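Architecture at a glance
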Amino acid sequence: MFKKLLIATICVSTLLCGCIGEEEYENSYYGNFDALWKIIDEHYCFFDVAEREFGLDWNCVYDEYKTYADTCKNDAELFNTLGDMLGELRDGHVNLISMYGTSYYWDWKLNHPVNFSDSIQRNYLRNDFKLTNGIKYTTLTDSIGYIYCESFSGGFSINNLSLMLLNLKETKGIVLDIRNNGGGLITAAEKLASSFTDEKRHCGYMQHKTSPGHNDFSEPEKIYLEPSQGVIWLRPVVVLTNRGVYSAANHFVMLMKELPNVLILGDKTGGGSGMPLSNTLPNGWIVRLSACPTLDVQGSSTEFGIEPDQWVDITSEDWNNGRDTMIEAAKTIILEYYEKNSNKIADNSKYSLIFAPEKQKQSRVWRNW
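Throughout this document, residue positions are counted from 1 along each chain, in the order its sequence is written. Given that the model is predicted, a residue must reach a pLDDT of at least 70 before its local features are reported, and side-chain atom pairs must reach 80 or more before they are shown or counted; all residues, however, enter totals for whole chains, interfaces and linings. Values shown for side chains rest on all heavy atoms present in the structure; no hydrogens or waters enter the calculation.

1. Regarding the overall build of the protein
Of the regular secondary structure elements, the protein holds 12 helices and 16 strands. Relative accessibility decides the category of a residue: with a 1.4 Å probe and only protein chains considered, values under 20% of the type maximum give buried, values over 50% give exposed, and everything between is partly exposed. Taken over 369 residues, the protein has a buried fraction of 53%. Within the protein, counting contacts between residues at least 6 apart in sequence, those at least 24 apart form 75% of the total. The Shrake-Rupley method, run with a 1.4 Å probe sphere, supplies the accessible areas, and residue values consider only the shown protein chains as cover. Carbon together with sulfur atoms contributes 47% to the accessible area of the protein, which is approximately 16,500 Å² in total. Only runs of H or I of at least four residues qualify as helices and only runs of E of at least two qualify as strands under DSSP, and these elements are numbered from the N terminus. Contacts were defined at the residue level, with two residues in contact if any of their heavy atoms lie within 4.5 Å.

What follows is the structure, encoded as structure tokens:
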């Protein structure tokens with residue numbers, strides 16, 4: 001269902017691509033400014049969320065930046081002005097692309113704690129980790145699996161993931177680290193998430209714009225996560241997040257939050273939950289924007305990030321001592337849970353790796369399991 005919904009969304013975006021409406025704009029500083037503002041005004045999908053989050057008023061943005069556009073002396077100045085205007089949306093998925101470069105909004109992660117160090121991570125991965133299609137994994141002390149997925153850009157196969165989980169079959173649980181994962185393919189995020197559920201689960205909603213009004217959307221359509229056709233892991237999983245988790249990785253966290261054997265630990269994600277649409281200005285510059293919103297199961301936007309189930313930052317003391325506070329907290333949670341419920345850990349002939357949760361409404365507070 002989710003794949004069909006994704007295809008339908010892409011088709012809608014393709015139909016919209018390259019069209020700025022019936023109005024024609026001249027290829028001038030003013031014409032390109034008005035065209036860009038109008039494209040965003042009619043197709044951008046997070047005006048309501050941005051207004052609630054930080055008080056965005058897109059009409060006021062027009063008035064302010066029209067003044068700046070009037071003073072531009074060359075194309076480079078216009079590019080910078082238009083890029084700054086798009087930055088008012090505070091959306092890392094909104095970009096302007098030209099010969100002068102690509103405009104980006106980075107404050108969704110740069111104004112927050114890093115909460116990740118690859119140097120400290122090497123103390124845990126050591127030099128004997130395994131690698132499968134960009135995913136690094138190993139077994140930590142106390143028989144706990146550690147997986148680091150730094151991107152969903154390349155994708156991976158069911159066989160890749162099954163082999164990885166089989167290689168971790170003797171562990172008590174998995175620390176699944178996606179910190180600094182800036183996204184990539186939603187299909188890859190879905191494929192990894194499907195390795196941690198044995199039943200179809202409702203994990204969110206998707207909408208698309210139906211007309212130019214800021215709040216003109218289709219009825220929310222459900223997003224489902226289907227079980228993998230390969231090995232499925234139902235023992236405890238702790239997913240580590242920080243503000244560098246964005247786009248498809250943010251979507252991955254939304255999916256994983258609905259699984260009863262999963263705990264999200266760390267910092268709030270960076271967000272980025274809009275499916276992109278591209279359009280062209282009269283001068284040929286390309287604008288990329290968020291056009292189709294994704295919502296969690298409560299119907300709330302995840303555009304500005306998803307909060308963890310348990311907040312943990314890397315402390316200064318641990319950082320200086322080469323110790324990852326988040327990994328250590330995740331290990332403690334898994335060990336405590338394993339010791340209390342070791343009698344429930346068992347292999348299953350169908351899936352090979354199974355922790356069978358109780359058939360009742362599960363709380364994401366582990367002590368209630």
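2. Side note on the nonpolar core
Remark: nonpolar core denotes a set of buried residues (Ala, Val, Leu, Ile, Met, Phe, Trp, Tyr, Cys) joined through side-chain atoms within 4.5 Å. Judged by nonpolar contacts, the single largest core of 75 residues is most densely connected at Ile40, Phe152, Phe196, Phe252 and Met256. It is helix 10 (residues 248-256) that provides the largest number of residues to this core, a total of seven residues. Dropping the residues within four chain positions of it, Phe252 is found in contact with Phe152, Leu176, Ile178, Ala189, Leu192, Ala193 and Val239.

3. A few points about helix 10
Among the nine residues that make up helix 10, nine are buried, leaving the element largely enclosed by the rest of the structure. Along helix 10, the residues that are buried comprise Ala248, Ala249, Asn250, His251, Phe252, Val253, Met254, Leu255 and Met256.

4. A short note on the sheet that holds strand 10 (residues 262-266)
Here, strands pair whenever DSSP counts at least two bridges between them. Spatially, 3-4-5-6-9-10-14 is the arrangement adopted by the seven strands of the open sheet, whose pairing is mixed. The open sheet has two free edges, formed respectively by strand 3 (130-132) and strand 14 (310-311), since each of these has just one partner strand. As paired elements, strand 3 and strand 4 (residues 135-140) share three bridges and run antiparallel to each other. Residue pairing for strand 4: Thr132 is matched across the bridge by Ile135. The angle between two axes is taken between their N-to-C directions and runs from 0 to 180 degrees, where each axis is a line fitted to C-alpha atoms and a helix contributes only its stretch in contact. Seen against the sheet, helix 8 (residues 158-167) touches strand 3, strand 4, strand 5 (144-149) and strand 6 (174-177) and runs at an angle of roughly 10° to strand 4.

5. Structural notes on the pairing of strand 4
Hairpin connection between strand 3 and strand 4: a loop of two residues separates the two successive antiparallel strands, and Asn133 in this loop has a positive phi of roughly 45°. With six bridges joining them, strand 4 and strand 5 adopt antiparallel strand pairing. Directly across from Thr138, in strand 5, lies its bridge partner Tyr146. Hairpin connection of strand 4 to strand 5: three residues between the antiparallel strands, including Asp142 at a positive phi of 65°.

6. Digging into the packing of aromatic side chains
A ring pair, where both rings are aromatic, is described by two values, the distance of the centres and the angle of the planes. What counts as a ring pair is set by centres within 6.5 Å for rings of Phe, Tyr and Trp (its six-membered ring), and what kind of pair is set by the plane angle: stacked under 30 degrees, edge-to-face over 60, tilted for all other angles. Taken as a whole and assessed by the stated rule, the structure comprises 17 aromatic pairs. For the pair Tyr100 and Trp285, a centre-to-centre distance of 6.2 Å together with 80° between the ring planes defines the contact as edge-to-face. Taken as a pair, Tyr100 in the loop between strand 1 (95-98) and strand 2 (101-102) and Trp285 in the loop between strand 11 (275-280) and strand 12 (286-292) lie far apart in primary sequence, 185 residues in all. Here the aromatic rings of Trp106 and Trp108 are separated by 6.3 Å at their centres, their planes lie at 35°, and the arrangement is tilted.

7. Considering the confidence of the model for the protein
Values of pLDDT, ranging from 0 to 100, describe the predictor's confidence in every residue of the model. In this model, the protein carries a mean pLDDT of 88, and residues with pLDDT of at least 70 account for 86%. Scored below 50 in pLDDT, residues 1-22 shows 38 contacts in the model against residues more than four places distant or in partner chains.

8. Topic: the packing of helix 2 (residues 29-43) against helix 4 (residues 58-70)
Angle between the axes and distance between the axes are the two parameters that describe a pair of packed helices. For the pair helix 2 and helix 4, the least separation of the axes is 10 Å and the interaxial angle reads 165°. Viewed along their axes, helix 2 and helix 4 adopt a mutual orientation that is roughly antiparallel. Crossing of helix 2 over helix 4 shows right-handed handedness. Between helix 2, through Tyr30, Phe33, Asp34, Trp37, Ile40 and Asp41, and helix 4, the contact on the second element is made entirely by Trp58, Asn59, Tyr62, Tyr65, Lys66, Ala69 and Asp70. For the contact of helix 2 with helix 4, the class distribution of residues is eight nonpolar, one polar and four charged. Note on angle classes: values under 35 degrees are labelled roughly parallel, values over 145 roughly antiparallel, values of 65 to 115 roughly perpendicular, and the remainder oblique. Throughout, a crossing is termed right-handed when the near helix is turned clockwise from the far one, and left-handed when it is turned anticlockwise from it by less than a right angle. Three categories are distinguished: nonpolar for Ala, Val, Leu, Ile, Met, Phe, Trp, Tyr, Cys and Pro, charged for Asp, Glu, Lys and Arg, and polar for the others, with Gly belonging to the last.

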